[in-house]
Amino acid sequence: MAALTVWRFPTSEGAQAALDTLQDLQRQELITVQDGAVVSWPESAKKPKTRRLSTLTGMGALGGTFWGLLIGMLFFVPVLGMAMGAAAGATAGHFAHFGIDDDFIEQVRERVTPGTSALFVLSSHAVLDKVRPAFEGLQAELIETNLTAEQEAQLRETFTEED
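Residues numbered from 1 in each chain as written. Predicted model: local features only at pLDDT ≥ 70, side-chain atom pairs only at ≥ 80, totals over all residues. Heavy atoms only, no water.

J.: Would you mind going over the sheet that holds strand β5 (residues 141-146) with me for this structure?
T.: Sheet strands pair via backbone hydrogen bonds, and the direction of the pair is either parallel or antiparallel. Reading across from one edge, β3-β2-β4-β1-β5 is the order of the five strands in this open sheet, with antiparallel pairing throughout. In this open sheet, the two strands that pair with only one neighbour each are β3 (49-52) and β5. Taken over all neighbouring pairs, the strand axes of this sheet differ in orientation by 15° on average, direction set aside. Bridge count for strand β1 (residues 3-9) against β5 is six bridges, and the pairing is antiparallel. The residue bridging W7 from the neighbouring strand is L142, located in β5. This element, helix α1 (residues 14-27), spans β1, β2 (32-41), β3 and β4 (116-124) of the sheet and lies at about 25° to β4. Lying on the sheet, helix α6 (residues 128-136) is in contact with β1, β4 and β5; it crosses β1 at an angle near 20°. (Pairing = 2+ DSSP bridges. Helix = DSSP H or I, 4+ residues; strand = E, 2+ residues; numbered from the N terminus. Axes fitted to C-alpha atoms, helices over the stretch in contact; angles between N-to-C directions. Contact = heavy atoms within 4.5 Å.)

Shown next as structure tokens:
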């Protein structure tokens with residue numbers, strides 16, 4: 001079973017700095033990173049910057065379409081206003097089929113704001129009693145949604161990019 005986790009950091013550089021920790025955990029086989037993205041939102045910026053974790057992921061990564069839709073829905077749709085409301089509602093409903101529900105979306109929206117950053121990770125086989133403490137020293141706050149095996153399969157079928 002995969003988990004989509006978001007680690008929120010109190011600075012716009014925190015998520016980028018946490019990548020070394022994530023790589024170390026993966027080398028120790030304490031987590032399997034399937035895909036991910038870094039979102040950094042400098043205090044003075046109108047919108048966050050995003051970057052995929054292509055160096056940590058391998059075959060079967062979800063790809064840019066998934067991350068673009070998710071991050072767009074999280075950070076850009078609220079800014080666009082009612083004109084995009086119907087499309088946003090349809091997209092949010094679509095993500096709910098994959099286990100990414102309104103509560104998860106709202107938690108991320110409320111916590112990842114200007115001056116903060118976040119590390120989005122689709123992972124499996126995490127040894128939680130080792131992974132959580134590794135991020136605590138980085139002042140990380142965990143926001144998590146667990147995906148069932150069926151939801152993960154649907155997510156992969158819909159968003160996995162072919163080479």
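J.: Quick question: what am I supposed to make of the pairing of β1 here?
T.: Every other side chain in a regular strand lies on the same face of the sheet, so the side chains alternate between the two faces. A large share of β1 lies buried, amounting to seven of its seven residues. Alternating positions in β1 separate into two faces, A3, T5, W7 and F9 on one and L4, V6 and R8 on the other, with burial throughout. As paired elements, β1 and β4 share seven bridges and run antiparallel to each other. Note that in β4 the partner of A3 across the bridge is S123. (Buried < 20%, exposed > 50% of the residue type's maximum accessible area, 1.4 Å probe, protein only.)

J.: Would you mind showing me how to read the nonpolar core here?
T.: Of all hydrophobic cores here, the largest spans 19 residues; its most connected members are V6, L74, F75, V108 and F120. Elements supplying a minimum of two residues to this core: β1, β2, α2 (64-75), α5 (102-111) and β4. Of all the elements, α2 adds the most residues to this core, at four residues. Discounting residues that sit within four places of it in the chain, F75 has contacts with V39, W41, P48, V108, V112 and F120. One finds W7, A15, L30 and V121 within the second-largest nonpolar core, a separate group that totals 16 residues. (Core = buried A, V, L, I, M, F, W, Y, C linked by side-chain atoms within 4.5 Å.)

J.: I would appreciate a short explanation of the pattern of salt bridges in the present structure.
T.: When the charged atoms of two side chains with opposite charge come close together, those side chains can pair. Under the counting rule described, the total for this entry stands at three salt bridges. A salt bridge links R27 to D24; the nearest nitrogen and oxygen atoms lie 3.9 Å apart. Here R27 and its partner D24 are both found in helix α1, three residues apart, which amounts to about one turn of the helix. According to the relative accessible area criterion, R27 is exposed, its value standing at 61%. As a salt-bridge pair, E106 and R109 come within 3.7 Å of each other at their nearest N and O atoms. Of the two residues, E106 and R109 are both situated in helix α5; the distance of three residues between them amounts to about one turn of the helix. Judged by relative accessible area, R109 falls into the partly exposed class, the value being 26%. (Salt bridge = Lys/Arg side-chain N within 4 Å of Asp/Glu carboxyl O.)

J.: Whenever I open this one, the packing of aromatic side chains confuses me. Can you help?
T.: The description of two aromatic rings rests on the distance between their centres and on the angle between their planes. Enumeration according to the criterion identifies one aromatic pair in this entry. Ring plane angle 20° and centroid distance 4.3 Å describe the contact between W7 and F135, whose orientation is recorded as stacked. Taken as a pair, W7 in strand β1 and F135 in helix α6 lie far apart in primary sequence, 128 residues in all. We classify F135 as buried; its relative accessible area is 1%. (Phe/Tyr/Trp six-rings, centres within 6.5 Å; stacked < 30°, edge-to-face > 60°.)

J.: Where do I start with the confidence of the model for the protein chain in this structure?
T.: Close inspection of predicted coordinates is inappropriate for parts of the model with low pLDDT. Mean pLDDT over the protein chain works out to 76, with 67% of the residues at or above the 70 mark. Mean pLDDT values over the elements of the protein chain span from 47, in helix α3 (residues 77-80), up to 92, in α1. In the model, residues 78-93 has pLDDT below 50 throughout and makes eight contacts with residues more than four positions away in sequence or in other chains. (pLDDT = per-residue confidence, 0-100.)

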